[in-house]
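Summary of structural features
Listed here are the chains, written in short residue letters.
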Amino acid sequence: MSEHFDVHGGARLVGEVDVVGAKNSVLKLMAAALLAEGTTTITNCPQILDVPLMGDVLRSVGCEVVIEGDTATITTPAELSHRADSAAMGKLRASVCVLGPLVGRLKQAVVALPGGDAIGSRPLDMHQNGLRKLGATSTIEHGCVVAKAETLVGAQIWLDFPSVGATENILMAAVLAEGTTVIDNCAREPEIVDICTMLTEMGAKIEGAGTSTLTVHGVEQLHPTTHSVIGDRIVGATWAFAASMTRGDITVRGVNPHHLDLVLNKLQLAGADVETFGDKGFRVVQPERPKAVDWVTLPYPGFATDLQPFAVALSAVSEGTSMITENVYEARFRFIEEMIRLSGDARTDGHHAVVRGVEKLSSAPVWASDIRAGAGLVLAGLCADGVTEVWDVFHIDRGYPHFVENLNRLGANIKRVAGEPDRS
């Protein structure tokens, strides 16, 4: 049975909300547990659908995984399977991050091509090329990435683009390689720093976390650890946009505001008052209708492509005209088709979108194409007259724990409803 959200428009969101661990970090940390025999414990895990799915992936290679509340306990055996081709692999993109740990520890891997959000092409060329530089062969066969090496030896690796996934896979293979690996033009996201921190706690030797160059000195083996996931900056930013769009007042706890410096600065340009609390959280107050600002997606520390739907949604209700430029994933603008259903005034041309703000949107049935698009449509529904039906909400459940409950506590009127959509 399908589910949708009934979103009643007109709410002004006010209050406090807590942000838990980052989706874009926890799944990779779970994969890193493959690198060490024994029991690794990961705390501050978000209670989202992707965490048990990654648990299924790890079980498919021989791990015991127990998930209780916000804690995942992963027991990795001495003898692992090198085949990660379970059905769960096709349900989330992050499942490919088991490739690096399996090659690093077992010197071989067969990993099913991953699934996940429909946001455009995300090829694995850089993942494979990095493994080849370390001495492995890597091909695509029968819907799987197949990699094998007699031994892994440190190398100089240049990434054509600072891909988060490629950085993570190469990093996790390199920590057990012989000698030193240097990864240039690597990703700099806070989630990369988080995995470097956990790997270091496990005994890895890594320099340069948070910069564009990672230097990895290979070690013979790693040991299990206990690690707490960093706060989810994308979820934190979602609440910041929610405050601005609804002319609300939201205090966000549990995320480092410095991971969102650019976002919070842009919201100030849109007219919001922003207060930060060290590395613990922030407050966004939007006293009047937001003003239009331009947005350009870029790798971190630029504006995250995951937040582009919120930039579009905010622009749709702002005063003036905004230009949004998408430089990372070409299919992100599918979201705009749904915004037009809500009477948004938007046009696309290549990787640019022009959005002219309107005073109020108009409710309609809309469909989520990915996690962030779904959340963006809910926020847009809060700014529409009437009741907006947001369908395919399983996407939202993959990235936002207790989303409806948190919104209702802040003053929204949203209900989860079972039933099939009327597409007539």
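Residues numbered from 1 in each chain as written. Predicted model: local features only at pLDDT ≥ 70, side-chain atom pairs only at ≥ 80, totals over all residues. Heavy atoms only, no water.

With the rule as written, the count across this model stands at 15 salt bridges. For Arg372, the salt bridge is made with Asp306, and the minimal N-O distance between the two is 4.0 Å. Taken together, the positions of Arg372 in helix H11 (residues 371–382) and Asp306 in the loop between strand E18 (295–296) and helix H9 (308–316) put the pair 66 residues apart, joining distant regions of the chain. (Salt bridge = Lys/Arg side-chain N within 4 Å of Asp/Glu carboxyl O. Helix = DSSP H or I, 4+ residues; strand = E, 2+ residues; numbered from the N terminus.)

Met54, Val98, Leu171, Val175, Leu199 and Leu222 are the most contacted members of the largest nonpolar core, which totals 76 residues. Those residues in contact with Val175 that sit more than four places away from it in its chain are Leu35, Leu199, Ala204, Ile206, Val216, His217, Gly218, Val219 and Leu222. Phe241, Val312, Val378 and Val390 belong to the second largest nonpolar core, which has 70 residues in total. (Core = buried A, V, L, I, M, F, W, Y, C linked by side-chain atoms within 4.5 Å. Buried < 20%, exposed > 50% of the residue type's maximum accessible area, 1.4 Å probe, protein only. Contact = heavy atoms within 4.5 Å.)

What follows concerns the UniProt feature "binding site: phosphoenolpyruvate" (unreviewed entry) in the protein. In this structure's numbering, the residues bearing the UniProt feature "binding site: phosphoenolpyruvate" (unreviewed entry) are Lys23 and Asn24. Mapped onto the elements, Lys23 comes out in helix H1 (residues 23–32). Asn24 sits in the partly exposed class, given a relative accessible area of 23%. Excluding its chain neighbours within four sequence positions, the residues that come into contact with Asn24 are Glu168, Glu191, Ile234, Asp306 and Arg372. (UniProt positions renumbered as here; feature names shortened; annotations may be inferred.)

Looking at the element boundaries, Thr325 is found in strand E19 (residues 321–325). According to the relative accessible area criterion, Thr325 is buried, its value standing at 8%. Within the structure, the side chain of Thr325 is placed 3.0 Å from the side chain of His352, a separation counted as a polar contact. Sequence-distant contacts of Thr325, that is, excluding residues within four places in its chain, are made with Trp295, Val296, Thr297, His351 and His352. (Polar contact = N/O pair within 3.5 Å; in protein donor to acceptor, adjacent residues only side chain to side chain.)

Moving on: the environment of Gly55. Tracing the chain through its elements places Gly55 in helix H2 (residues 50–60). Exposure remark for Gly55: the relative accessible area of 0% places this residue in the buried category. Here the alpha-carbon distance between Gly55 and Ala88, two residues 33 residues apart in the chain, equals 9.0 Å. Those residues in contact with Gly55, other than ones at most four positions away along the chain, are Met30 and Val65.

Ordered in space as E18-E19-E21-E20, the four strands form an open sheet in which the pairing is mixed. The sheet is open, and its two edges are formed by E18 and strand E20 (345–349), each paired on a single side. Across the sheet, H9 touches E18, E19 and strand E21 (352–356), and the angle it forms with E21 is around 30°. (Pairing = 2+ DSSP bridges. Axes fitted to C-alpha atoms, helices over the stretch in contact; angles between N-to-C directions.)

Axis separation between H9 and H11 bottoms out at 8 Å; the angle between their running directions is 20°. With respect to H11, the axis of H9 lies roughly parallel. For the pair H9 and H11, the crossing hand works out as right-handed. From H9, Pro309, Phe310 and Ala313 reach across to H11, where they touch Arg372, Ala373, Ala375, Gly376 and Leu379. In terms of residue class, the contact of H9 with H11 is made up of six nonpolar, one polar and one charged. (Parallel < 35°, antiparallel > 145°, perpendicular 65-115°, else oblique. Left-handed = near helix turned anticlockwise from the far one by under 90°. Nonpolar A, V, L, I, M, F, W, Y, C, P; charged D, E, K, R; others polar.)

Summarising burial for helix H3 (residues 99–106): seven of the eight residues are buried, a large majority. Turning to H3, its buried residues number three or more, namely Leu99, Gly100, Pro101, Leu102, Val103, Gly104 and Arg105. Directly after H3, the chain includes Lys107, whose backbone phi takes a positive value near 65°.

Let us now look at the confidence of the model for the protein. Across the protein, pLDDT averages 94, with 96% of residues at or above 70. Considering only residues more than four positions removed or in separate chains, one finds that residues 116–121, a stretch of pLDDT under 50, has 22 contacts. (pLDDT = per-residue confidence, 0-100.)

By way of backbone hydrogen bonds, the strands of a sheet pair with one another, either parallel or antiparallel. On the basis of which strands lie adjacent, the open sheet formed by four strands has the order E23-E25-E1-E26 and mixed pairing. In the strand order of this sheet, the two ends are held by strand E23 (365–367) and strand E26 (414–418), each with one partner. Ignoring which end each strand starts from, the neighbouring axes of this sheet average 25° apart. Where strand E1 (residues 3–8) meets strand E25 (residues 387–391), five bridges bridge the pair, whose relative direction is antiparallel. Across the sheet, Phe5 pairs through a bridge with Val390, a residue of E25. Packed on one face of the sheet, H11 meets E1, E23, E25 and E26 and runs near 30° to E1.

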